[in-house]
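Architecture and fold: a report
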Amino acid sequence: MSGPSSSEGNGPATLSEYRRREQSISLSPIEEQIAEAGIEETREELLTLNFGPHHPATHGVLRLLVTLQGEVVRDLKPIVGYVHTGIEKTAEDKSYWKVIPVIERMDYLAYYFNAMAFCAAVEELAEVEVPPRGQYLRVIHLELNRIASHLIWLGTSALDLGAVSIFLYCLRERELILDLFEMSSGQRMHTRYFQVGGVFEDIPRGFEPKLREFLREMPGRADEYGDILNSNEIVLQRLRGTCPLDAETLLSLGVTGPLLRAAGHPWDLRKADPYCSYGDFDFKIPIGTVGDNYDRFAVRLAEIYESVKIIQQAIDGLPEGPFITTDRKVALPPRHELATSMEALIHHFKLVTEGFRVPPGEIYMPIESPRGELACYVRSDGSSKPARVHMRDPSFVNLQALSHMVKGSYIADLIATVAMLDPILGGIDR
Amino acid sequence: MPDATGLELIAQELRAAEGAGPGAAAGSPVTDTVFFRERGTLIIEPERLRAVLAQLRDRGYRFLCSVHGVDHYPQEPRLGVVYELLDMSRVDRITVKVLLDADRPEVDSLCPDGDDGPGWPTADHQEREVYDMFGVVFRGHPDLRRILMPEDYEGHPLRRDFPVGGEPVRFTFNERDTSGTGA
Amino acid sequence: MEVKREPLAPDADGAADRRPLVTQLSSRQLLRGSELLGLNQPAHLSGAELLEGDELERHVHERVLTTSLDKAVAWARSNSFFPLAFGLACCAMEQFHAAGPRMDIARFGYEAFRASPRQADLIILAGRVSVKMAPIIRRLYDQMLEPKWAISMGACCSSMGVFNNYALVPADKFLPIDVYVPGCPPRPEGLMHGVLKLRKMVQDDPDMGWRERYGARGTEEVLPEPGAEDRRGAAVSVPSERGRLA
């Protein structure tokens, strides 16, 4: 309360005592006070605020050091590592079969994608062919997982923006998807369904009708979410035109996935470099125009429809045949063979105790996960344990774009941008 | 991916370009080429890394997908840093690898702009991770600190001679032997 | 109409009147240790310590009233947990599902996930606790108000889980945990079972003595015991002094 500058000394006699006292401590504008106190220059302070690892709006334990000028973000530094689990180190310690559950827990919303990247890398190294039925089953589960991941993204982003009911709607849909996963593999999350050479088990008898019913319902539900959010003025104002970033900057920052597609660059590994029989399916890639938060939201919402299309085509054209490679050196023999065939028994024993050996070499295997290019680098030294497993996680690289995106925006835009960035800290920290 | 002959052509051109450029050091930058499972890898002298990547960028490999480290423990040179490049217009991938000794693992950072062209901003966090996990020092990196482990952690966890670690699982029978809150 | 009043004394053949209302009302006789009722005497009241008169009245009032009050408070507390909105990794996804429409945690009254630890009294550690995060969780736990409970959800924070390596810390190393929910990740039903078990614990016996057991009171800092470093050195192999399976 520096700067005395009470213009009225004692107020008129009609004012109460309290009012008079109030007037005598009236504050002049800050410039006047500073001038009176003799400070030469006034400078607005830059305040560095810590959006700590525990914060209701961060998606996971992300820590942001935000330098603010008033409410405008001037600089941003993300600090990660709060859920670092040493997955890559653990994976070096286990045989290839046992690495799959470990590596699945990295990007914990896209668990099938983690397993897919690793299994594809090991299949490439060990020169193992995946039969067509296995590939189609993989595609079905991958696209279901993509929808599930986008649903959680939509739910938590809407929660950040204030639309709480969308969160519950998305969880309702996700329950249906997790029921399907439980049907095919017995687990809702981290199912270790993908194995090197194919999938672990064939789908049970009730899976197909239940999947078809889900596919009938899902586009209608996605329409509902679109309707609710697109006609909500608050959501539109918070997302349209906020924090755009052009494709050139994104490319130099290494960003892939829906963020890059929202900026207009049509890069999708499923179309550019098809793997796992994605080339058999007819689907489109949604692309945005401006690259602001609204485009990122719209691209992901549209991807849900495209995934439904892919699953429909996959289940309609599901080929007959084995679901895992018949190479007994890599895949477990079916149990009924163990009773009759000695070789099957020996193979089973060797696979379960020691695991299969992979010829020495290095491979980098990229796939398209819901967040961008997820790649697995496996280096094998000829033994039954991998010598190095590295997951190139898309969220880790996409996070570098955050500071470029939010420079010059408000804190509220920062929250919306973090939501639209879709970071998954398990993938970032591994 | 470039096929085997394509890879050799690239390596040849790199050797030629390096020899002809101004201030070029003697010797070839490419020590080895590996063509494995339809993918090509160039093994590069660590000092020439930025130059080689700049030339690959001119050839179209403009997108740096990944920077990660490897530890070839019993073999020397022990540490390696692997750079994955992608040419989006031709859907072409190529890998560049540098091999470093464990006693002085230093290589130029890709982040800052150099005189051979603009930097690769995507390498920022990824080089920090390689530093954190392997101890490779990137010269010229704007902010080389640990990213995944606590700032004051000692040791580089992903090196092969670093133990996996872990805690004994506390059951009732060994509750008193294992450390916990006061037990 | 004739009103028949019956005394509370037992029948002539000595059979005790076992109606619960009568048992309650005859607490004075209980506490006096009357053999006439034939009910078990409280063990701490031997023949020499029978309370009489005013002392007995006071004792009865205190016991009955305090016990009922404690029970009422415990009931209210157990039905109104305010969980801290705290999710670390994969288990957080199943925590969302526990709060979701199918497995509705709001049925039991626990849907008020508070963002601020000062307003929460239950921390559900959902996910893997890394070395960097452990002091932060401890600080959050210290900021919570008494009485507070902690549920360790999932295998990773309960017992290192799938990843037993340098980067993780089991939650009971720095926090006193009340309920461990196993699973990787536990189904939402599993988490509900754990929360309801905690509710039962709070109702039946708010103080199970674990605070003494783990030395955790209020917001004290728990210092490592001297000699704890030596034990931590045996990190990779389980000490097997007693010959058990390592």
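Below is a summary of the structure that appears in this document. (Residues numbered from 1 in each chain as written. Chains lettered and ligands numbered in written order. Predicted model: local features only at pLDDT ≥ 70, side-chain atom pairs only at ≥ 80, totals over all residues.)

Our next topic: the interface of chain C and chain A. Listed per partner, the contact involves 29 residues of chain C and 27 residues of chain A. Of all the secondary structure elements, the ones that give two or more residues to the side of chain C that touches chain A are α4 (90-98) and α5 (134-143) of chain C. Looking at the side of chain C that touches chain A element by element, the count peaks at five residues for α4(C). Of the residues assigned to the side of chain C that touches chain A, the class counts are 19 nonpolar, five polar and five charged. (Contact = placed C-beta atoms within 7 Å. Helix = DSSP H or I, 4+ residues; strand = E, 2+ residues; numbered from the N terminus. Nonpolar A, V, L, I, M, F, W, Y, C, P; charged D, E, K, R; others polar.)

The subject of this paragraph is helix α15 (residues 342-353) of chain A. In this model α15(A) runs 17 Å from its N-terminal to its C-terminal C-alpha over 12 residues, within 8% of the 16 Å that 1.5 Å per residue would give. Where α15(A) terminates, the next one or two residues include A:Gly355, which has phi positive at roughly 95°. (Expected span 1.5 Å × (residues − 1).)

Here we take up the sheet that holds strand β4 (residues 179-181) of chain C. All names here are of chain C. Strand order across the open sheet formed by four strands is β1-β2-β3-β4, with parallel pairing between neighbours. Strands at the two margins of the open sheet, each flanked by one partner only, are β1 (83-84) and β4. Inspection of the sheet shows strand β2 (residues 122-126) paired to strand β3 (residues 149-153) by five bridges, in the parallel sense. Paired with Leu125 across the strands is Ser152, a residue of β3. Of the strands in this sheet, β2 and β3 are in contact with α4, which crosses β2 at around 125°. (Pairing = 2+ DSSP bridges. Axes fitted to C-alpha atoms, helices over the stretch in contact; angles between N-to-C directions.)

Residues and elements named next belong to chain A. Contact geometry for helix α13 (residues 293-316) and helix α18 (residues 411-421): axes closest at 10 Å, N-to-C directions at 30°. In terms of orientation, α13 and α18 fall into the roughly parallel class. You can see that α13 and α18 cross each other, and the crossing is left-handed. Contacts between α13 and α18 involve Asn293, Arg296 and Phe297 from the former and Ala416, Thr417 and Met420 from the latter. The residue makeup of the contact of α13 with α18, split by class, is three nonpolar, two polar and one charged. (Parallel < 35°, antiparallel > 145°, perpendicular 65-115°, else oblique. Left-handed = near helix turned anticlockwise from the far one by under 90°.)

Moving on to the sheet that holds strand β3 (residues 72-79) of chain A. Residues and elements named next belong to chain A. Read from one edge to the other, the open sheet built from three strands follows the order β1-β2-β3, with strand pairing classed as antiparallel. Edge positions in the open sheet fall to β1 (47-51) and β3, since each of these has one partner strand only. Within the sheet, the average angular offset between the axes of one strand and its neighbour, ignoring direction, is 20°. As defined by bridge partners, β1 adjoins strand β2 (residues 63-69) across five bridges and the pair is classed as antiparallel. Its bridge partner being in β2, Phe51 is matched across the sheet by Leu64.

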